[in-house]
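# A look at the structure
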Amino acid sequence: MPNYKKFIQMNRLNTKVYTIKKNMNKLLLTTLMLSLANLSYSHDCEKTVSNEQKKVALKKAALKEATIYTSGVQLRSSLSYNATPGLNEIIIEGISPSIDPQTIQVSASGEVVILDSKYGLFYPTNTSTNNNPETIQLKKGIRLLNDSIEAKGYEIRLLNESISVYQEAKNILQNNGLVNNTGKVNDSIQLLKEIIEFYAEKMNKINRKVLDLSKQKNKSNKALSKMNQRLNRLNEKLRKIGQSGKKQDPIPRITISLIAEATTNGEINFSYLAKNAGWSPLYDIRSKSSEGKIFMNYKAQVHQNTGLDWKNIKLNISTNNPYANKTKPELNPWYISYMSFRNDLKESRNNIYELTAVPSKAITNMGYSYKSMDVAEEEGAIGADEFTSITHQLTAAEFKIDLPYNILSNGEKHMVLVQKSALQTNFKYYAVPKLDASVYLVAEMLKVDELQLIPAKANIFFDGSYVGETFIDPTSMNDTLYLSLGKDPNIAITRKLISSKCKERTIGDKIEKYLAYAIEIKNMKSSEVEVVIQDQIPITTNEDIVVDKINLDKGKLQQRTGLIEWKTILKPTNQKTYDFQYRIKFDKDKKINI
């Protein structure tokens, strides 16, 4: 009995232990699940907090200003922003696809810190066009039009069947024996009369019915043709919409990261360099006879194909080229040694290192004269040059035009007036009577180097009329530009050989030849003029030929070129004569080209 009681007590104890262990396992499992849940909740909270701390905004920039170089353009844009405490990321669209990402510059107003800026391309997903309202409308129209075309086809088929029935009835009537006199008919006049009337009545009805049905058929065929044409147009439009939805160009974007301590707002300004834009110079040289001045219009032919339309922006024209080499050349040691010649290389060094001379004066005869008169003129409209300011940089000049311009991204050239200058000008008359018995008015425009010109073509206008063109090359001239304004018929000049002073004699093995000329000039104008007369004596590089000047009548001789120049001032109706004589000595058994 005691053993039995003891067994029962032990069994109860084991049951309690098992229950306790079971409860402990449940408690441990519950604790583990709660820990995992807390860990997952904590991770989700951290992700939520992280996402809440970083604010992303998509903005489209507004283009404000463009600085156009001879090759390339610097675009300046701006936009407003709102920042919350923490990290803010602003994604900017409205960027030129021709951007040079290495030239991006960013600044911002407001209490923020710019962490970084980066450039990238956004590739939009291909959205289906089936749910497009325009596509839905087109498909509905196509479906209704197909139903109408099908109904119209049945209508035309019914008309064809009706016409066939009446044609068959007409054939039956025509082939009847009573009508074509092949049946058995009594020779009764009354019966014949009835047959003819019946035939005529029925044939007329059939013909009218066939004609009406043919008209309806023709009308239905025209309507069906128009329906098919409209169906083709709708299908083509639907096809184009489907193609446009298949491929979308990548969108250039600039992403700017800001950090703010508190909620703030401000403006972001950024700039970058873009290709596919530039400008070329063009000059207008205008002379007014009433003012006795020369005016130069400095114009820029601007073109751009940057992928952005420039609308209502300010333009700056710069003579700089950002793509030109800016690195100073360095000289390396130059070693010389004896040369080993090859028989197949026979070119002379003079042919390799050949220099081409560029004339220092560009004078073009345009065929008109300068007249001095007092004429009252009305004031013209204000030009774009009135809004231009010049910034002289170390290596270039920049013209800021304070006017809004609209230039589309299509590569077309737009003329922009950069500057209008009244040039300091001296008017002189030049004559070369050996070549032309005329006197030309030449304008000497001074201090042209201060205008920051670059080589380009120049159109010449006189009193508003186009008279020709020339080429201005500041790199090959000094600070003076010479422009010929044409002949003046009121100044006469002649050049004659003085026979009495021309002679030839032989002394030993040499021949001495004397030549003399007289130049006469007369001023028939009512005003005083300054005239430069040019002539020449021959020069030689042959030691056996000697050229000596005998009399130049106060003319100045340039020994290197043989040019003689007289400068004179002629009063009204005044006349002057200039004589010059020279001698040539050469071998008597040879001839010279004179």
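Our subject is the structure listed above.
Quick look at the structure, then. (Residues numbered from 1 in each chain as written. Predicted model: local features only at pLDDT ≥ 70, side-chain atom pairs only at ≥ 80, totals over all residues. Heavy atoms only, no water.)

### Considering the overall build of the chain
The secondary structure content of the chain amounts to five helices and 26 strands. Looking at the chain as a whole, 32% of its 594 residues are labelled buried. (Helix = DSSP H or I, 4+ residues; strand = E, 2+ residues; numbered from the N terminus. Buried < 20%, exposed > 50% of the residue type's maximum accessible area, 1.4 Å probe, protein only.)

### Side note on the pairing of strand 20 (residues 503-507)
Pairing of strand 20 with strand 21 (residues 510-523) involves five bridges; the strand directions are antiparallel. When the sheet's bridge partners are listed, Arg-505 is paired in strand 21 with Glu-512. Joining the antiparallel neighbours strand 20 and strand 21 is a turn of two residues, in which Gly-508 adopts a positive phi near 65°. (Pairing = 2+ DSSP bridges.)

### Focus on unusual backbone geometry
For Asn-312, which is not a glycine, the phi torsion comes out positive at approximately 55°. Structurally, Asn-312 can be placed in strand 11 (residues 310-318). Of the residues examined, Asn-312 reaches a relative accessible area of 55% and is grouped as exposed. Residue Asp-553 is not a glycine yet carries a positive backbone phi of 50°. Note on placement: Asp-553 falls in the loop between strand 23 (546-551) and strand 24 (556-558).

### With respect to a nonpolar patch on the surface
A cluster of nonpolar side chains, namely Leu-87, Val-113, Leu-115 and Ile-259, defines an oily patch on the protein surface of about 320 Å² accessible area. Mapped onto the elements, Leu-115 comes out in strand 6 (residues 112-122). A residue is classified by how much of its surface remains accessible, and Leu-115, at 48% relative accessible area, is partly exposed. (Patch = residues over 30% accessible without salt bridge, like charges linked within 9 Å, V, L, I, M, F, W, Y side chains within 5 Å. Areas by Shrake-Rupley, 256 points an atom, 1.4 Å probe, with all protein chains shown as cover. Salt bridge = Lys/Arg side-chain N within 4 Å of Asp/Glu carboxyl O.)

### Section: the packing of aromatic side chains
This structure, assessed with the given rule, holds eight aromatic pairs. Pairing Trp-566 with Tyr-578 gives two aromatic rings, centres 5.9 Å apart and planes at 35°, and the pair type is tilted. Placement of Trp-566 in strand 25 (residues 563-570) and of Tyr-578 in strand 26 (residues 575-587) is noted, with a sequence separation of twelve residues between them. Across this residue pair, the class does not change: Trp-566 and Tyr-578 are buried. An aromatic cluster of three or more residues is present, and its members are Trp-279, Tyr-283, Tyr-298 and Phe-399. Of note, Lys-503 hangs over the ring of Tyr-514, and the distance from its end group to the ring centre comes to 5.2 Å. (Phe/Tyr/Trp six-rings, centres within 6.5 Å; stacked < 30°, edge-to-face > 60°. Lys NZ or Arg CZ within 6 Å of the ring centre and 35° of its normal.)

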